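Spelled out, the chains give:
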Amino acid sequence: AQTRKFRVEEGCDAVMVLERAMDSFPPTLSGADLSAVASGALMRGLKRVCARIEEAACSINVEKGVDSNSETAVDIDDVMESWSNEQLQPTMSVEDFVDAAKEIVPSISKQDLDKFEKLQRQFSSGQY
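Residues numbered from 1 in each chain as written. Predicted model: local features only at pLDDT ≥ 70, side-chain atom pairs only at ≥ 80, totals over all residues. Heavy atoms only, no water.

## Looking at the nonpolar core
In terms of nonpolar packing, the biggest core is built from 17 residues, with Val17, Ala21, Phe25, Val37 and Phe97 touching the most fellow members. The set of elements that each furnish at least two residues to this core consists of helix H1 (14-22), helix H2 (31-64) and helix H5 (94-102). Considering every element that reaches this core, the biggest residue donor is H5, with 5 residues. With residues near it in sequence (within four places) discarded, Phe25 still touches Leu34, Val37, Phe97, Val98 and Ala101. Membership of the second largest hydrophobic core comes to 7 residues, among which are Ile53, Ala56, Ala57 and Val79. (Core = buried A, V, L, I, M, F, W, Y, C linked by side-chain atoms within 4.5 Å. Buried < 20%, exposed > 50% of the residue type's maximum accessible area, 1.4 Å probe, protein only. Helix = DSSP H or I, 4+ residues; strand = E, 2+ residues; numbered from the N terminus. Contact = heavy atoms within 4.5 Å.)

Here it is, written out as structure tokens:
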């Protein structure tokens, strides 16, 4: 649910990106862990947008021959105001999700997962 409004890389849909990324996720990630992965992927996309904004401001100032510390310099606010919402919206890739997952320490241990799977087998087979 957290990723349904994410914009993903060109030529892919969100389901495809997430399915490809999930192949690399540890099996012990909980729902909260997956939420943290989505937040981490979004942060990576936002950092790219911020870097592009800063680059655009620097480029404009260089083209104008203006020092970036001068009062007439273009700053990031000026660039952001001139950009469309689409330009400001981050785009996430499979790598964003994979890299974010690498930074998460799973909240469920392998032993806990084994216990949950044993309980699932026990109760799904009708053996109470």
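## A word on the pattern of salt bridges
Counting across every chain of the model gives 4 salt bridges. Note that Arg7 and Glu86 form a salt bridge whose closest N and O atoms lie 3.9 Å from each other. Of this pair, Arg7 sits in strand E1 (residues 7-8) while Glu86 is found in helix H4 (residues 85-88), placing the two residues 79 residues apart along the sequence. Since its relative accessible area comes to 58%, Glu86 is described here as exposed. (Salt bridge = Lys/Arg side-chain N within 4 Å of Asp/Glu carboxyl O.)

## A short note on the packing of aromatic side chains
With the rule as written, the count across this model stands at 1 aromatic pair. Where Phe6 meets Phe97, the ring centres are 6.3 Å apart and the plane angle is 35 degrees; that geometry is what we call tilted. Of this pair, Phe6 sits in the segment before E1 while Phe97 sits in helix H5, and the two are 91 residues apart along the sequence. Judged by relative accessible area, Phe6 falls into the buried class, the value being 16%. (Phe/Tyr/Trp six-rings, centres within 6.5 Å; stacked < 30°, edge-to-face > 60°.)

## Details of a nonpolar patch on the surface
A cluster of nonpolar residues, Phe116, Leu119 and Phe123, forms a patch on the protein surface that exposes about 300 Å² of accessible area. Structurally, Phe123 can be placed in helix H6 (residues 110-124). Judged by its relative accessible area of 43%, Phe123 falls in the partly exposed class. (Patch = residues over 30% accessible without salt bridge, like charges linked within 9 Å, V, L, I, M, F, W, Y side chains within 5 Å. Areas by Shrake-Rupley, 256 points an atom, 1.4 Å probe, with all protein chains shown as cover.)

## A look at the side chain of Thr28
In this fold, Thr28 is placed in the loop between H1 and H2. One polar contact links the side chain of Thr28 to the main-chain carbonyl oxygen of Ile108, over a distance of 3.4 Å. When residues no more than four places from it in sequence are discounted, the contact partners of Thr28 are Asp33, Pro106, Ser107, Ile108, Ser109, Lys110 and Leu113. (Polar contact = N/O pair within 3.5 Å; in protein donor to acceptor, adjacent residues only side chain to side chain.)

Remember that the coordinates give geometry; whether it matters functionally is a separate question.
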